[in-house]
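Chains, contacts and geometry: an overview
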Amino acid sequence: MQNHHVSLNDLPREGKDFVVDDPAVWEDPIREFRMECRISSPLAARVHILPAGEGWLVRGTLAGEVVLPCSRCAEDAAVNLDIHFEDMAFLPEHDAGESDGAGEAQGWVTLVRGVPMLDLAAVCWEELALALPPIPLCAPRCKGLCSRCGTNLNENTCACPAETGDPRMAALRGVVLRKTGHS
Ligand SMILES: [Zn+2]
Ligand SMILES: [Zn+2]
């Protein structure tokens, strides 16, 4: 991976723009965390860093597309990304106790021989991780897999009895079946 550390001492007063499109910024942590996430359309981030008070305002966009497994049927679920983000970055020793901490990122800035350096790769990775849906779906109406035979109900039907949709009822039916089987 290229070096994506930016010296915050060299920033002009009006701030500076950076473009991050090195795939390793996202691919390396995806591999490291063994995430089931594939980049299907190149990711690119534009980041503007602006000195602001005791820290730096980190503002930008992230665009591209990733594919996650659908949480119902495990087929590909494409996630189109076109996000805007805005966070404050502070020196490592900054005391965040006085504020509510919302929108503040810690750990992005490190001191290298006394010079504060912002890790742009960490910013871009974190923004992707935050943008991923907790329950990815291949389609809003994905029917998922049959809980009995595993058939993908988007593609096929199966002969299993219709589910009530309530897993507690399914468990109850199992109990009743076992009882009759042993009596
Ligand atoms: Zn699905
Ligand atoms: Zn079935």
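Residues numbered from 1 in each chain as written. Chains lettered and ligands numbered in written order. Predicted model: local features only at pLDDT ≥ 70, side-chain atom pairs only at ≥ 80, totals over all residues. Heavy atoms only, no water.

The next point concerns the environment of alanine 139. Inspection of the secondary structure puts alanine 139 in the loop between α2 (120–131) and α3 (167–182). Residues alanine 139 and aspartate 76, 63 residues apart in the sequence, show an inter-C-alpha distance of 9.7 Å. (Helix = DSSP H or I, 4+ residues; strand = E, 2+ residues; numbered from the N terminus.)

The end-to-end C-alpha distance of α2, which contains 12 residues, comes to 17 Å, matching closely the 16 Å that a straight helix rising 1.5 Å per residue would cover. Those residues of α2 lying buried are Leu120, Ala121, Val123, Cys124, Trp125, Glu127 and Leu128. The N-terminus of α2 is capped by aspartate 119, whose side-chain oxygen sits 3.1 Å from the backbone nitrogen of alanine 121. (Expected span 1.5 Å × (residues − 1). Buried < 20%, exposed > 50% of the residue type's maximum accessible area, 1.4 Å probe, protein only. Polar contact = N/O pair within 3.5 Å; in protein donor to acceptor, adjacent residues only side chain to side chain.)

As a further point, take the pairing of strand β4 (residues 55–69). For a regular strand, side-chain orientation follows a simple rule: the groups alternate between the two sheet faces. Pairing between strand β3 (residues 38–52) and β4: 12 bridges, direction antiparallel. Along β4, the bridge assignment pairs alanine 52 with glycine 55. Between β3 and β4, which pair antiparallel in sequence order, lie 2 residues; one of them, glycine 53, sits at a positive phi of approximately 60 degrees. Sheet topology note: the β4/strand β5 (residues 76–89) ladder contains 14 bridges and is antiparallel. Opposite leucine 62, over in β5, you have isoleucine 83 as the bridge partner. (Pairing = 2+ DSSP bridges.)

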